[in-house]
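# Understanding the architecture of this molecule
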Amino acid sequence: MKPSQHQGGVYQCPFKIDGENAIHYEIVRDFMMGKYNTTFVDRSSAEEYLKATSGADDNTAVITDDMVNDDGKVLVQVQQSTAMYEGIRSAITHMYTLCRVPMPEEMKKDLSTLVAGFERSGASETQALGMQISKGKKPISLEAYELLTKRLFQSGKKEDVFVHLFLVLDWCLMKRAENCVHAQIEHIYFLHDSLVFEFAKGKNFQKGEKGREPWHVYANPFKPWLCPVLALARYLLCYPDVLQGGVPLFEGANQYRRYNTRFLNLLNDCKDELKILGFEKDDLGSHSCRKGVATMIAAGCTVSPPIVALCIRAGWALGGVKDKYLFRENAGDQYVGRCASCLYQLTKEFSVSPPYFDFKVMETVDGHGNATQVPLEHSDGIKRKNELQMLLKDRLPNYDKISAKTFHVLEMCFASICFHHKYLMEKMHMRCPLRSAILFRDIPKSIIEVARIAYPWNKSEDTPQLSGVPPHVLALAEMEGLKQEIARLHNNLMTDFKIELDSRGFASTEYNHQNLLSALSTQTDAIVSKLIEKTNLTEKTIADSRRERNDMLQSGFVMMEEDDDDGSFFVPEEPNEVATLRHEEQMKSSQKKVQERIFKVGFHHGKLNPLPPTYQFPNMTRQQLVTNWLLGDKEMNVPPLWSLNATLVGHVGTYSKRDPNKKLKRPSGPSDWQCMQAVMSVIERYGREHGCWQASHKDWNYKNVNDLWVKMEPILEAKFGGQSSSKLEGNKKASKRKRETSWKTLYNYMSDANEFGNSRNKQQKTK
């Protein structure tokens with residue numbers, strides 16, 4: 001079929017659908033019957049099939065050498081899938097519709113009969129040749145979905161922060177990928193306990209009449225790698241400029257192609273693990289998520305949401321009169337949203353809230369893992385709340401340009417970061433860009449402590465209103481509340497009995513319980529006093545000794561011998577299961593070594609070094625480089641990068657990033673640090689010219705660094721926003737994903753602009 005041609009301002013269609021020589025059924029039939037597919041099958045099955053379909057009188061099967069592959073299987077021609085023939089029929093019907101000419105009834109019936117015949121003969125071929133029954137991509141199972149999301153979550157590649165969020169939203173929203181691609185930050189908000197998405201347009205609502213309805217997405221605090229709120233939080237913290245609005249959530253052209261390419265590569269990387277779960281890498285595609293989540297919600301549990309709510313959320317027509325009388329309601333979509341977040345419907349934990357900041361109560365966990373709620377004093381709660389607001393205000397670029405609705409989304413996302421902070425520090429790859437995010441670094445303990453989750457039985461005044469909880473889960477929640485009340489009653493009763501018996505001196509002739517303790521304490525104090533007196537350890541001597549020790553510590557370093565761990569710590573940016581486990585063990589070992597240091601300085605690789613032995617430069621954007629260069633990372637024991645030198649980073653980047661088994665002749669750390677120094681020297685020069693550079697290094701804080709970046713970003717964008725080394729001087733191209741631009745890209749642009757006085761660039765420009 002040839003495309004339409006434009007001649008003299010009038011579109012000329014190569015088909016005639018009416019009158020003499022018009023297209024008719026026989027033409028369409030011959031076209032359909034000329035479409036075949038090829039596949040390799042077992043030789044015996046191929047012989048039987050060829051005998052039956054050859055049409056020869058002797059029913060012989062001719063198999064030539066070029067039809068046989070290395071495995072001995074034979075190449076045969078088979079029909080296309082039924083969907084392909086349905087597509088051809090739909091295209092013909094659509095052509096008649098566009099021309100406003102009714103399709104002949106006889107032709108319509110003949111095409112229906114033909115497609116039905118293809119469907120029957122296709123089923124016979126599948127049975128005879130032993131081919132795969134299902135056509136197209138398979139629905140992905142929950143286990144396979146968890147495998148892929150966890151691999152992306154623990155990856156060190158900066159693009160995987162985007163891919164992980166895209167994959168999780170594709171699953172939880174149950175929408176077509178185009179909806180995720182065109183999502184806008186202005187169309188996302190938090191309502192009570194759910195993250196709400198709205199879409200202005202979609203394939204099945206071209207006029208936007210249905211897309212504006214809120215689609216609810218819920219957090220999964222039990223499995224961080226599946227949690228859509230945490231996935232969004234990681235993305236927003238890595239690229240906070242998106243919070244200002246006016247840009248898509250995923251900036252740049254061809255974002256679906258970018259996601260799909262990485263997704264297919266991920267399937268290839270995980271092919272061994274997927275095979276254990278029953279999937280070949282070619283069985284799955286980007287559309288498998290939509291099939292998988294719908295199957296899981298509809299048939300994965302005996303207490304599933306209404307099918308009407310499921311179909312409406314997925315954008316599927318109910319058919320006939322049902323589309324006119326059955327409509328969307330929040331309760332049904334909220335139940336579907338909770339199920340899509342992989343919360344299990346048959347447990348009381350299905351009613352969990354998202355992580356949030358609670359300034360009324362604080363949970364403490366004892367050594368046995370039992371959580372106890374401790375009320376916060378009113379003044380303490382207000383103090384922590386103000387501390388949170390000041391932290392966000394000081395660290396967010398262009399804070400005043402962020403709308404209240406978007407700021408609320410950020411606050412809930414930040415609560416998820418604080419709630420999972422310990423897990424993130426242990427499990428995240430060393431090169432994950434989140435480690436360099438200005439909001440992730442040095443979070444005060446007082447803020448982390450008030451991030452919690454709640455249930456119907458232990459909620460407080462600050463707990464968001466819980467929604468989407470079915471009646472049977474509410475009954476389980478009430479039973480849990482009753483169970484805890486009985487346990488508290490039992491503990492209180494035993495305590496009251498003990499107090500009453502002690503007050504009456506029950507079963508004691510001279511001393512009761514408290515008197516015994518008092519007597520023992522008095523005798524112990526007397527013995528200790530005599531020992532101190534005999535050994536001449538008076539209070540003055542102890543104070544003098546403590547003062548001498550402090551003076552010694554302040555005058556120098558206490559060196560601790562640490563293993564070099566040279567080269568054995570490298571973990572690829574796309575780790576497999578074994579490498580991930582190894583990475584977790586090394587992260588714990590590194591953190592343990594840092595905690596054992598007194599002045600956060602250890603002795604490894606033959607020198608005193610503040611950096612951990614396993615340290616790697618994370619993937620950093622331009623803003624993250626400025627923050628790390630001027631402030632460092634106290635929690636990771638990384639001083640401001642300006643205070644380091646090429647010697648101290650000599651152990652960084654020992655192995656190739658592309659090939660973990662290839663040891664580099666020279667570590668990349670020193671050269672990377674020198675490139676960072678060059679970039680920051682240019683930023684410092686422009687900062688001093690515009691009066692936003694601090695006179696002393698000790699004057700830098702998060703607010704000053706944030707103010708510096710707000711002023712420097714438009715300057716850097718104007719001078720180095722898209723200059724390409726492959727183009728002549730002055731010819732610039734706009735960066736498609738400006739907020740994701742890495743510091744190395746900025747270095748290349750500066751080098752092309754001869755900001756570093758590079759003699760090679762001068763020669764090129766002279767030419």
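Look up a bit, the structure's there.
It should be emphasised that the depicted structure is a prediction, and the values quoted were computed from it without experimental measurement. (Residues numbered from 1 in each chain as written. Predicted model: local features only at pLDDT ≥ 70, side-chain atom pairs only at ≥ 80, totals over all residues. Heavy atoms only, no water.)

## A few points about the overall build of the protein chain
What the protein chain contains, in helices and strands, is 27 helices and 13 strands. Relative to its full complement of 767 residues, the protein chain shows a buried share of 45%. (Helix = DSSP H or I, 4+ residues; strand = E, 2+ residues; numbered from the N terminus. Buried < 20%, exposed > 50% of the residue type's maximum accessible area, 1.4 Å probe, protein only.)

## A short note on the nonpolar core
Residues Leu236, Leu249, Phe357, Phe414 and Leu434 are the most contacted members of the largest nonpolar core, which totals 153 residues. At 11 residues, the largest contribution of residues to this core is made by helix α6 (residues 159-173). Once residues within four sequence positions are removed from consideration, Phe414 is found in contact with Phe357, Leu388, Leu391, Leu392, Leu439, Ile443 and Ile447. Grouped together as the second largest cluster of nonpolar side chains are 15 residues, Ile17, Ile23, Met32 and Leu114 included. (Core = buried A, V, L, I, M, F, W, Y, C linked by side-chain atoms within 4.5 Å. Contact = heavy atoms within 4.5 Å.)

## So, the pattern of salt bridges
If charged atoms from side chains of opposite charge come close, those side chains can pair. Here the structure, examined in full by the defined rule, presents 24 salt bridges. One salt bridge in this structure joins Arg262 and Asp269, with 4.0 Å as the shortest N-O distance. In this structure Asp269 comes out as partly exposed when scored by relative accessible area, which is 38%. Of the charged contacts in the structure, one is a salt bridge between Glu684 and Arg688, with a shortest N-O distance of 2.9 Å. Of this pair, Glu684 and Arg688 both sit in helix α24 (residues 669-689), four residues apart, which is roughly one turn of the helix. With a relative accessible area of 27%, Glu684 lands in the partly exposed category. (Salt bridge = Lys/Arg side-chain N within 4 Å of Asp/Glu carboxyl O.)

## A few points about the packing of aromatic side chains
What the rule picks out here adds up to 22 aromatic pairs. Both rings, one in Phe153 and one in Tyr423, keep their centres 6.1 Å apart while their planes meet at 40 degrees; by these two values the pair is tilted. With Phe153 in helix α5 (residues 142-153) and Tyr423 in helix α17 (residues 421-427), this pair connects stretches of sequence that are 270 residues apart. When the centroid spacing of 5.9 Å and the interplanar angle of 70 degrees are considered together, the rings of Phe162 and Phe166 count as edge-to-face. (Phe/Tyr/Trp six-rings, centres within 6.5 Å; stacked < 30°, edge-to-face > 60°.)

## Focus on the side chain of Ser351
Within the secondary structure, Ser351 is located in the loop between α14 (330-340) and β8 (356-357). A distance of 2.8 Å separates a polar side-chain atom of Ser351 from the backbone oxygen of Lys348. In contact with Ser351, not counting residues within four places along its chain, are Arg338, Ala454, Tyr455, Pro456, Trp457, Leu466, Val469 and Val473. (Polar contact = N/O pair within 3.5 Å; in protein donor to acceptor, adjacent residues only side chain to side chain.)

## Quick word on unusual backbone geometry
With a phi angle near 70 degrees, Cys342 is a residue other than glycine that sits in the positive phi range. In this structure, Cys342 sits in the loop between α14 and β8. Classification of Cys342 as buried rests on a relative accessible area of 15%. With a phi close to 55 degrees, Asn398 is a non-glycine residue in the positive phi region. With respect to the helices and strands, Asn398 occurs in the loop between α15 (378-395) and α16 (404-419). On the basis of relative accessibility, which here comes to 17%, the residue Asn398 falls in the buried class.

## Quick look at the packing of helix α3 (residues 82-98) against helix α4 (residues 105-129)
Running from N to C, α3 and α4 cross one another at 170 degrees; their axes reach a closest spacing of 9 Å. Taken together, the axis directions place α3 and α4 in an arrangement best described as roughly antiparallel. Contacts from Thr82, Tyr85, Glu86, Arg89, Ile92 and Tyr96 in α3 reach Met107, Leu111, Ser112, Val115, Phe118 and Glu119 in α4. Classifying every residue of the contact of α3 with α4 by side-chain character gives seven nonpolar, two polar and three charged. (Axes fitted to C-alpha atoms, helices over the stretch in contact; angles between N-to-C directions. Parallel < 35°, antiparallel > 145°, perpendicular 65-115°, else oblique. Nonpolar A, V, L, I, M, F, W, Y, C, P; charged D, E, K, R; others polar.)

## Some thoughts on a nonpolar patch on the surface
A cluster of nonpolar side chains, Val321, Tyr325 and Leu326, forms an exposed patch at the surface whose accessible area comes to about 340 Å². Mapped onto the elements, Val321 comes out in the loop between α12 (307-314) and α13 (322-325). (Patch = residues over 30% accessible without salt bridge, like charges linked within 9 Å, V, L, I, M, F, W, Y side chains within 5 Å. Areas by Shrake-Rupley, 256 points an atom, 1.4 Å probe, with all protein chains shown as cover.)

## Concerning the sheet that holds strand β7 (residues 215-217)
Ordered in space as β5-β6-β7, the three strands form an open sheet in which the pairing is antiparallel. A single partner strand is all that each edge strand has here, and the edge strands are β5 (188-191) and β7. Sheet twist, expressed as the average angle between the axes of neighbouring strands with direction ignored, equals 35 degrees. (Pairing = 2+ DSSP bridges.)

## Digging into the side chain of Ser194
As for its placement among the helices and strands, Ser194 is situated in strand β6 (residues 194-197). Relative accessible area serves as the criterion here: at 1%, Ser194 is assigned to the buried category. If we skip the residues at most four places from it in the chain, Ser194 touches Tyr189, His216, Val217 and Tyr218.

## Topic: α16
If you check α16, its first and last C-alpha atoms are 23 Å apart, about what 16 residues at 1.5 Å a residue would give, namely 22 Å. Where α16 is concerned, the buried positions are Thr406, Phe407, Val409, Leu410, Glu411, Met412, Cys413, Phe414, Ala415, Ser416, Ile417 and Cys418. (Expected span 1.5 Å × (residues − 1).)

## Re the packing of α24 against helix α25 (residues 702-720)
Two elements in contact, α24 and α25, have axes whose closest approach is 11 Å; the angle formed by their N-to-C orientations is 120 degrees. Judged on the interaxial angle alone, α25 and α24 are oblique. The two elements α24 and α25 cross, and the hand of that crossing is right-handed. Residues Ile683, Tyr686 and Gly687 of α24 form the contact with α25, whose participating residues are Met712, Ile715, Leu716, Lys719 and Phe720. (Left-handed = near helix turned anticlockwise from the far one by under 90°.)

## Concerning α6
Here α6 is 15 residues long and its end C-alpha atoms lie 21 Å apart, about the 21 Å a rise of 1.5 Å per residue gives. Among the 15 residues of α6, 14 are classified as buried, and the element is accordingly described as predominantly covered.

## Overview of the state of the cysteines
The full count for this structure, using the stated rule, is zero disulfides. Summary of cysteine pairing: Cys289 is not part of a disulfide, and the nearest cysteine sulfur, belonging to Cys180, is at 9.6 Å. Between Cys342, a cysteine without a disulfide, and Cys172, which holds the nearest cysteine sulfur, the sulfur-to-sulfur distance is 6.4 Å. (Disulfide = S-S within 2.5 Å.)

## Here's the deal with the pairing of β6
The alternating pattern of β6 places Ser194 and Val196 on one face and Leu195 and Phe197 on the opposite face, and all of these are buried. Alignment of β5 against β6, held across four bridges, turns out to be antiparallel. Residue Tyr189 lies in a different strand from β6, and its bridge partner there is Val196. Inspection of the sheet shows β6 paired to β7 by three bridges, in the antiparallel sense.

## Here we look at the environment of Ala437
Mapping Ala437 onto the fold places it in the loop between α17 and α18 (445-448). Given a relative accessible area of 0%, Ala437 falls into the buried group. Sequence spacing of Ala437 and Thr621 is 184 residues, and the spatial spacing of their C-alpha atoms is 9.0 Å. Residues in contact with Ala437, not counting those within four places in the same chain, are Leu237, Cys238 and Gln624.

Function cannot be inferred from these measures alone, as they are strictly geometric.
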